[in-house]
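Given next are the chains, with one letter for each unit.
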Amino acid sequence: MVTNKKDIRALTKEQLRDFFVKQGDKAFRGNQVYEWLWQKAAHTFDDMTNISKETRKMLEDNFVINHIEVDNMQRSNDGTIKNAVRLHDGLIVESVLIPTPTRTTACVSSQVGCSLDCKFCATARLKRMRNLNPDEIYDQVVAIDNESRHYHNRPLSNIVFMGMGEPLMNYNNVLKAIDKITSPEGLGMSSKRITLSTSGVPKMIKKMADDGVKFNLAVSLHSAIEEVRTSIMPFNETFPLDDLREALEYWYAKTKRKISYEYVVWNGINDTQKDIDALVKFCKYVPCKVNIIEYNPIDDGEYQQASSEALEQYIKTLEQHRIVVNVRRSRGKDIDAACGQLANKS
Ligand code: SF4
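**Section: the overall build of the protein**
Piece 1. A tally of regular secondary structure across the protein gives ten helices and 14 strands.
Piece 2. For the protein, the C-alpha radius of gyration of 21 Å lies close to 20 Å, the compact-globule estimate for 346 residues.
Piece 3. Based on the C-alpha atoms only, the size of the protein along its principal axes is roughly 70 × 40 × 35 Å.
Piece 4. Here the protein, with 346 residues, has 53% of them falling under the buried criterion.
Piece 5. Taking the contacts inside the protein whose residues are at least 6 apart along the sequence as the reference set, 65% of them involve residues at least 24 apart.
Piece 6. Per element, the accessible surface of the protein, about 15,900 Å² overall, is 48% carbon and sulfur.
Piece 7. Averaging the coordinates of the 48 positive side-chain charges in the protein and doing the same for the 46 negative ones gives two points 5 Å apart.

Quick look at the structure:
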């Protein structure tokens, strides 16, 4: 339900403390409420059992707690779970839990739709409606953590910002969400277990380095040849590879943290030796590893997974050049939860 009351989770802890002081109460009450809102992820004021009934009523009169609802949860044969998440204004985004024997990863969304237009991506077909608020990103993580504990008997171990949207186009809110996720007053997760995946916005990569962020950086590269990358990721015309390279060099100089390149190999698009050689050259600029990701066709169009011979050739060549390469088998394909498939189809 949409109301005119302010979302209480838009307030900082300091603002909450001030609010209580202005109400003639103790600042400490702000700490208690803050703990309920973030650490305990309360959905209603009535959940706040150590707060008096009068105070809860006063909060109810002044604020709302906008929280997400998991509208539809689908479970894949391989244990992957996809949530269609309803936001307070009725819009839907998707997030995914990906279990492996050693870890449970949440793939979360940062925008409703996407600002960018990658040709191979199902999300790109939804126009960008709005950015997610920090609490909406945080809540996706909480929901997946609960599902991980329930269905896989272990807490969430990793988070990737690789769902719907370009996280660097919603930078401030993504950072605020990560702040809450890593804070002892939130979920207390280590920032080393968080990866922000971007299609490569040079100015913002530099800003992250300047801001001293502690999480990992992944770049959806997909081609190190200008014309090829522009044909599959048209915004590459605005942010060309030289600018991306310079930003990544800046990132590494400041953070000393390796970059992961996400890379899909498509039939007839980037599956030649020339494409491989260009990637090898790009990988020499900054310490990195390459994740080759299995592609999940979103229709019967021009983007089809390359042959296993082409993938083998990529792997062999990268290894010959001592570049670390992993192959990521896609998970959750039967529920359209795999990489590039998130498009609110459920
Ligand atoms: S791949 Fe990522 S950045 Fe590109 S359109 Fe899809 S969601 Fe947006």
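Now that the structure has been shown, we can carry on.
**Examining the sheet that holds strand E13 (residues 288-293)**
Piece 1. Sheet architecture is open: ten strands sit in the order E3-E4-E5-E6-E9-E10-E11-E12-E13-E14, paired in mixed fashion. The open sheet terminates on both sides in strands that have one partner only, identified here as strand E3 (69-75) and strand E14 (324-328). Each neighbouring strand pair of the sheet contributes to a mean axis angle of 20 degrees, computed without reference to strand direction.
Piece 2. On the sheet, helix H8 (residues 241-255) packs against strand E11 (216-220) and strand E12 (259-263) and is oriented at approximately 165 degrees with respect to E11.

**Overview of the site of the ligand**
Piece 1. The ligand sits among Cys114, Leu116, Cys118, Cys121, Thr123, Ala124, Gly165 and Ser199.
Piece 2. Here the shell around the ligand is built from residues that sort into five nonpolar, three polar and no charged.

**With respect to the pairing of E13**
Piece 1. For E13, a buried count of five out of six residues is recorded, marking the element as mostly surrounded by other parts of the structure.
Piece 2. Between the parallel pair E12 and E13, the chain is carried across by helix H9 (residues 273-283), and the sense of this crossover is right-handed.
Piece 3. Pairing analysis gives five bridges linking E13 to E14, with the strands arranged parallel. Counted as the bridge partner of Ile293 is Arg328 from E14.

**Considerations on helix H5 (residues 171-182)**
Piece 1. For H5, with twelve residues, the first-to-last C-alpha span of 16 Å sits near the 16 Å given by 1.5 Å per residue.
Piece 2. Summarising the contacts, the buried residues of H5 are in contact with helix H2 (28-37), helix H4 (134-152), strand E9 (158-161), strand E10 (194-198) and helix H6 (202-211).

**Regarding the environment of Val324**
Piece 1. Along the polypeptide, Val324 turns up in strand E14.
Piece 2. Of the residues examined, Val324 reaches a relative accessible area of 41% and is grouped as partly exposed.
Piece 3. Note: C-alpha distance between Val324 and Arg86 (238 residues apart in sequence) is 39 Å.
Piece 4. Apart from residues lying up to four places away in sequence, Val324 is in contact with Lys289 and Val290.

**Thoughts on helix H1 (residues 13-22)**
Piece 1. Those residues of H1 lying buried are Leu16, Phe19 and Phe20. Looking straight down H1, one finds its buried side chains confined to an arc of 95 degrees; they lie on one side.
Piece 2. Where H1 is buried, its residues meet H2, helix H3 (53-62) and strand E2 (63-64).
Piece 3. Backbone geometry just downstream of H1 places Gly24 in the positive-phi region, at approximately 80 degrees.

**Considering the pattern of salt bridges**
Piece 1. With the rule as written, the count across this model stands at 18 salt bridges.
Piece 2. Residue Arg130 pairs with Glu136 through a salt bridge whose shortest N-O separation is 3.0 Å. Considered together, Arg130 and Glu136 belong to a single accessibility category, that of buried residues.
Piece 3. With its nearest N and O atoms 3.2 Å apart, the salt bridge here joins Arg149 to Asp145. Here Arg149 pairs with Asp145, and both are found in helix H4, just four residues apart, close to one helical turn.
Piece 4. With relative accessibility at 46%, the residue Arg149 sits in the partly exposed group.
Piece 5. Judged by relative accessible area, Asp145 falls into the buried class, the value being 12%.
Piece 6. A single salt-bridge network, built from bridges that share partners, covers Arg9, Asp135 and Asp139.

What counts and what doesn't
- Residues numbered from 1 in each chain as written.
- Predicted model: local features only at pLDDT ≥ 70, side-chain atom pairs only at ≥ 80, totals over all residues.
- Heavy atoms only, no water.
- Helix = DSSP H or I, 4+ residues; strand = E, 2+ residues; numbered from the N terminus.
- Rg over C-alpha atoms; globule rule 2.2 N^0.38 Å.
- Buried < 20%, exposed > 50% of the residue type's maximum accessible area, 1.4 Å probe, protein only.
- Contact = heavy atoms within 4.5 Å.
- Areas by Shrake-Rupley, 256 points an atom, 1.4 Å probe, with all protein chains shown as cover.
- Lys, Arg positive; Asp, Glu negative; His and termini not counted.
- Charge placed at Lys NZ, Arg CZ, Asp CG, Glu CD.
- Pairing = 2+ DSSP bridges.
- Axes fitted to C-alpha atoms, helices over the stretch in contact; angles between N-to-C directions.
- Near = heavy atom within 4 Å.
- Nonpolar A, V, L, I, M, F, W, Y, C, P; charged D, E, K, R; others polar.
- Right-handed = clockwise from strand over helix to strand, strands pointing away.
- Expected span 1.5 Å × (residues − 1).
- Arc of directions from axis to C-beta.
- Salt bridge = Lys/Arg side-chain N within 4 Å of Asp/Glu carboxyl O.

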